[in-house]
Amino acid sequence: MKLTIEYLQETLKGRFELSLLQELVEVGQFKRAPVGSYLIRPGEYIRSVPFIIRGSVKIMRPDQEGREALLYYLGGLDACAMSLTCCLGSKRSEITAVVEEETELIAIPVEKIDDWLCRYSTWKQFVFQTYQKRFDNLLMTIDEVIFHKLDERLLAYLQKKVASCQCTVLNITHEEIAQELATSREVISRLLKQLEKNGQIQLTRNKITMLA
């Protein structure tokens with residue numbers, strides 16, 4: 001699909017000024033990304049920043065042993081703070097961005113990120129708000145790890161996922177949850193069964209339905 005001013009005005013709802021929208025039409029590339037596709041991989045130089053129009057993208061950070069920890073989710077009208085940081089510092093990516101739900105996005109060339117920061121106050125505000133949102137996410141994650149037990153972290157994780165996808169049924173395996181919470185599948189299975197016993201979720205094969 002070719003970007004137009006009319007489409008951006010309707011979608012972004014006055015977030016950016018007209019002159020910035022005109023540049024976005026000129027340099028931005030509209031893309032549709034299927035579930036499971038990778039937008040960013042560790043070690044790569046980021047050539048464009050994904051600006052999410054709709055859908056859900058999971059941002060993970062891997063360690064040297066190949067394990068991955070969940071950092072945050074991107075939803076509609078979101079951008080990845082980590083990719084913005086890599087662009088501004090010309091650094092290789094340290095994160096993985098995986099599409100959770102079919103996603104529509106605009107790929108913005110990296111050279112425009114810094115340029116627009118200098119020229120457009122609305123873009124600068126958006127970037128700062130993106131950093132603030134991810135910093136708040138980080139503080140919440142630290143609080144969960146330090147102050148909350150694993151069963152509380154698991155429930156908070158499930159609640160974040162349903163909020164991100166705006167649904168009540170999650171298509172996810174116990175193994176995937178265990179990887180994202182950095183624990184074992186056996187522990188997650190036991191805790192999920194306890195949540196089901198408490199009437200908070202319903203378990204079926206590779207699916208979790210939130211009930212409360």
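All values derive from a computational prediction rather than experimental measurement. (Residues numbered from 1 in each chain as written. Predicted model: local features only at pLDDT ≥ 70, side-chain atom pairs only at ≥ 80, totals over all residues. Heavy atoms only, no water.)

Notes on the state of the cysteines
Going through the model one piece at a time under the given rule, you end up with one disulfide. Across the disulfide, Cys165 is cross-linked to Cys167 (sulfur-sulfur distance 1.9 Å). Where Cys165 bonds to Cys167 through sulfur, the torsion about that S-S bond is close to -70 degrees, and the disulfide is left-handed. Residue classification places Cys165 among the buried positions, given a relative accessible area of 14%. Accessibility expressed as a relative area gives 24% for Cys167, which makes it partly exposed. Sulfur of Cys87: no disulfide; nearest cysteine sulfur belongs to Cys86 and is 7.0 Å away. With no disulfide of its own, Cys118 lies closest to Cys87 among cysteine sulfurs, the gap being 14 Å. The exposed category is assigned to Cys118, whose relative accessible area is 67%. (Disulfide = S-S within 2.5 Å. Buried < 20%, exposed > 50% of the residue type's maximum accessible area, 1.4 Å probe, protein only.)

Thoughts on the UniProt feature "domain: Cyclic nucleotide-binding" (unreviewed entry) in the protein
UniProt feature "domain: Cyclic nucleotide-binding" (unreviewed entry): in the numbering of this structure it lies at residues 12-75. Secondary structure within residues 12-75 divides into 17% helix and 47% strand; the distance between the first and last C-alpha atoms comes to 13 Å. (UniProt positions renumbered as here; feature names shortened; annotations may be inferred. Helix = DSSP H or I, 4+ residues; strand = E, 2+ residues; numbered from the N terminus.)

Focus: the domain arrangement of the protein
For the protein, the domain assignment lists domain 1 (5-119) and domain 2 (149-210). Listed as interface residues are nine residues of domain 1 and, on the opposing side, seven residues of domain 2. Both faces combined, the contact of domain 1 with domain 2 buries some 640 Å², and carbon together with sulfur accounts for 41% of it. It is Leu70, Tyr73 and Glu101 in domain 1 that bury the most area against domain 2; as a group they hold 56% of the surface buried on that side. With its nearest N and O atoms 2.3 Å apart, the salt bridge here joins Lys161 to Glu100. Linking domain 1 with domain 2 are five residue pairs in polar contact (both at pLDDT 80 or more), by the criterion used here. Among the secondary structure elements, those contributing two or more residues to the side of domain 1 that touches domain 2 are strand 3 (48-62), strand 4 (68-74) and strand 6 (96-109). Tallying contributions element by element places strand 4 first for the side of domain 1 that touches domain 2, with four residues. (Domains from an automatic or database assignment. Contact = heavy atoms within 4.5 Å. Buried area = accessible area lost by both parts, 1.4 Å probe. Salt bridge = Lys/Arg side-chain N within 4 Å of Asp/Glu carboxyl O. Polar contact = N/O pair within 3.5 Å; in protein donor to acceptor, adjacent residues only side chain to side chain.)

Details of a nonpolar patch on the surface
Together, Phe135, Leu138, Leu139 and Ile142 give the surface a local cluster of nonpolar side chains, amounting to about 350 Å² of exposed area. Structurally, Phe135 can be placed in helix 5 (residues 121-147). (Patch = residues over 30% accessible without salt bridge, like charges linked within 9 Å, V, L, I, M, F, W, Y side chains within 5 Å. Areas by Shrake-Rupley, 256 points an atom, 1.4 Å probe, with all protein chains shown as cover.)

Some words on the packing of helix 1 (residues 5-12) against helix 2 (residues 18-27)
Look at helix 1 against helix 2: their axes get within 9 Å of each other, and the N-to-C directions meet at 120 degrees. Put simply, helix 1 runs oblique to helix 2. As for how helix 1 packs across helix 2, the hand of that crossing is right-handed. Across the interface between the two elements, Ile5, Leu8, Gln9 and Leu12 of helix 1 pack against Leu18, Leu21, Gln22, Leu24 and Val25 of helix 2. Per-class residue counts for the contact of helix 1 with helix 2 are seven nonpolar, two polar and no charged. (Axes fitted to C-alpha atoms, helices over the stretch in contact; angles between N-to-C directions. Parallel < 35°, antiparallel > 145°, perpendicular 65-115°, else oblique. Left-handed = near helix turned anticlockwise from the far one by under 90°. Nonpolar A, V, L, I, M, F, W, Y, C, P; charged D, E, K, R; others polar.)

A word on the pattern of salt bridges
This model, assessed by the stated rule, comprises 13 salt bridges. A salt bridge links Glu23 to Lys112; the nearest nitrogen and oxygen atoms lie 3.5 Å apart. Placement of the pair is Glu23 in helix 2 and Lys112 in helix 4 (residues 110-119), with a sequence separation of 89 residues. Notably, a salt bridge pairs Arg119 with Glu23, separated by 2.5 Å at the nearest N-O pair. Of the two residues, Arg119 is situated in helix 4 and Glu23 in helix 2; the sequence distance between them amounts to 96 residues. Looking at Arg119, the relative accessible area reads 43%, which means it is partly exposed. Using a relative accessible area of 12% as the deciding quantity, one classes Glu23 as buried. Through salt bridges with shared partners, a single ionic network connects Glu23, Lys112, Asp115 and Arg119.

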